[in-house]
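Summary of structural features
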Amino acid sequence: MFTVSDYLDYYKDYTFDSIGFNQMDALVFSCLVYLPVDSFEEGKSFKDFYMYAETFKSDDLSGVMKPSAFLLLEKLKSSKRYENIVISNFENVRNKDTQFGAMCVRFNNNLLVVFKGTDGSMIGWVENLRLNYQYPTYTQAKAIDYVSKNVLDSDKVIYLAGHSKGGNLAMSSAMEMNENVLVKVAKIYNFDGPGFLKDEYENKFNKIKNKVVNIVPTGSVVGMCLYNDNYSAVKSKDLAFSEHYPIGWNTYGEFFVSGKLSKVSKQIHEMTTKNLDAIDKKQLGDTVEELCKGLGKDFDSDFHLNISEIWDILKNMKGIDPKVYKYLSSVLQALMKI
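The structure displayed is predicted, hence computed values, not measured ones.

A word on the pattern of salt bridges
- What the rule picks out here adds up to 14 salt bridges.
- Between E42 and K44 there is a salt bridge, with the nearest N and O atoms lying 3.0 Å from each other.
- R130 is the partner of E289 in a salt bridge, and the nearest nitrogen-oxygen pair spans 2.8 Å. With a gap of 159 residues between them, E289 in helix α11 (residues 281-294) and R130 in helix α5 (residues 122-130) connect regions that are remote in the sequence.
- Salt bridges sharing common partners tie together R94, D119 and D302.

Focus on the sheet that holds strand β2 (residues 86-94)
- The strand order β1-β2-β3-β4-β5-β6-β7-β8 describes an open sheet built from 8 strands, whose pairing is mixed. In the strand order of this sheet, the two ends are held by β1 (44-45) and β8 (231-234), each with one partner.
- Where β1 and β2 come together, 2 bridges link them in antiparallel fashion. Bridge pairing in β2 links K44 to I87.
- Running over the sheet, helix α2 (residues 23-32) touches β3 (99-107), β4 (110-115), β5 (157-163), β6 (185-191) and β7 (212-217) and is turned about 60° from β6.

A closer look at the side chain of Q23
- With respect to the secondary-structure elements, Q23 resides in helix α2.
- In terms of polar contacts, Q23 uses its side chain to reach the backbone carbonyl oxygen of E254, at 3.1 Å.
- With sequence-adjacent residues up to four places away left out, Q23 is seen in contact with Y189, F191, V213, I215, E254, F255 and F256.

Things to note about the side chain of T272
- Looking at the secondary structure, you find T272 in helix α10 (residues 263-277).
- With relative accessibility at 5%, the residue T272 sits in the buried group.
- A distance of 2.8 Å separates a polar side-chain atom of T272 from the backbone oxygen of I268.
- Ignoring anything within four residues of it in the chain, the contact list for T272 reads N132, M224, C225, L226 and Y327.

Some points on the pairing of β3
- In terms of burial, β3 is a largely internal element, 9 of the 9 residues being buried.
- Here β3 shows a buried face lined by Q99, G101, M103, V105 and F107 and a second buried face lined by F100, A102, C104 and R106.
- Here 7 bridges tie β2 to β3, and the two strands are oriented antiparallel to one another. Bridging from a neighbouring strand, V86 pairs with R106 of β3.

A word on a nonpolar patch on the surface
- On the surface, a cluster of nonpolar side chains totalling about 370 Å² of accessible area is made up of F2, Y10 and Y252.
- In this fold, Y252 is placed in strand β9 (residues 251-252).

Focus on the packing of α11 against helix α13 (residues 322-335)
- The N-to-C vectors of α11 and α13 enclose an angle of 60°; their axes lie 10 Å apart at closest approach. For the element pair α11 / α13, the angle class is oblique. In this structure, the crossing between α11 and α13 has a hand that is right-handed. Along the contact surface, α11 presents Q283, L284, T287 and V288, while α13 presents V324, Y327 and L328.

Cut-off values and rules
- Residues numbered from 1 in each chain as written.
- Predicted model: local features only at pLDDT ≥ 70, side-chain atom pairs only at ≥ 80, totals over all residues.
- Heavy atoms only, no water.
- Salt bridge = Lys/Arg side-chain N within 4 Å of Asp/Glu carboxyl O.
- Helix = DSSP H or I, 4+ residues; strand = E, 2+ residues; numbered from the N terminus.
- Pairing = 2+ DSSP bridges.
- Contact = heavy atoms within 4.5 Å.
- Axes fitted to C-alpha atoms, helices over the stretch in contact; angles between N-to-C directions.
- Polar contact = N/O pair within 3.5 Å; in protein donor to acceptor, adjacent residues only side chain to side chain.
- Buried < 20%, exposed > 50% of the residue type's maximum accessible area, 1.4 Å probe, protein only.
- Patch = residues over 30% accessible without salt bridge, like charges linked within 9 Å, V, L, I, M, F, W, Y side chains within 5 Å.
- Areas by Shrake-Rupley, 256 points an atom, 1.4 Å probe, with all protein chains shown as cover.
- Parallel < 35°, antiparallel > 145°, perpendicular 65-115°, else oblique.
- Left-handed = near helix turned anticlockwise from the far one by under 90°.

Okay, structure coming up:
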């Protein structure tokens, strides 16, 4: 079965004038934004960006998406389709407060803003959990600010995209846009990124709903969390949680190969919407923050998800609200089935 890597092989000689920008192009750059390069502001041609990124290839940095990002970068090297793009305002931040990444890609007076998902840091996972009881999170606020600072009057058409947390950031930034900017947004591509709390979904998501393209794998976990809708499920050559990584999603030309959401995916969506609504968000937030501190890791350090370890800490915590404990227990039990 074909993947996005094959898309780059087959479409490399087609310019954006001959075959317009589409969801596969958005996915390509949603993977490239995971490249572990230092931040820069100035515009770089693809050739210059490629040479710059190559200098970071041997750096010992975490992140499951790093090999995939370099694989796709290499394929773009010989592509006529992307030879005239300009990449600028690449941000790559990781500290105790946030893990955030974004970049601007310009072509034919169009702008693609791409946001990075979780990079394998502890703070990245903490931020994912905070989506269950905060809006905007620190990182969502950074995404909103990033777009407001980097959209130019000369950008005729705007696309927003991101994988995992990056997809949520793309939607968040659009929800908070001024109307004169939002009208220029053609599509918002969310690749297996989580949704929103009920209040934000009901009061803010509606204005961008018709622009959002939600793509999730059949065994989606991250993308089925919180409120969102109009999902399109795609088959993957990978299994279990590895389905989350889009390098293995099945494609055919410019399209994804449709699949059917798993039972566990539907259960996680139910838990993190209707079940979550019944939980006091402050109590949930206090419990999650204490749980994360109990892991004994610096927030800016690398983190490898160990559900059993988290489960043990939760069971030994004292004074947890029964509803919060039941909610977190059910989520962890669902994840252990993956």
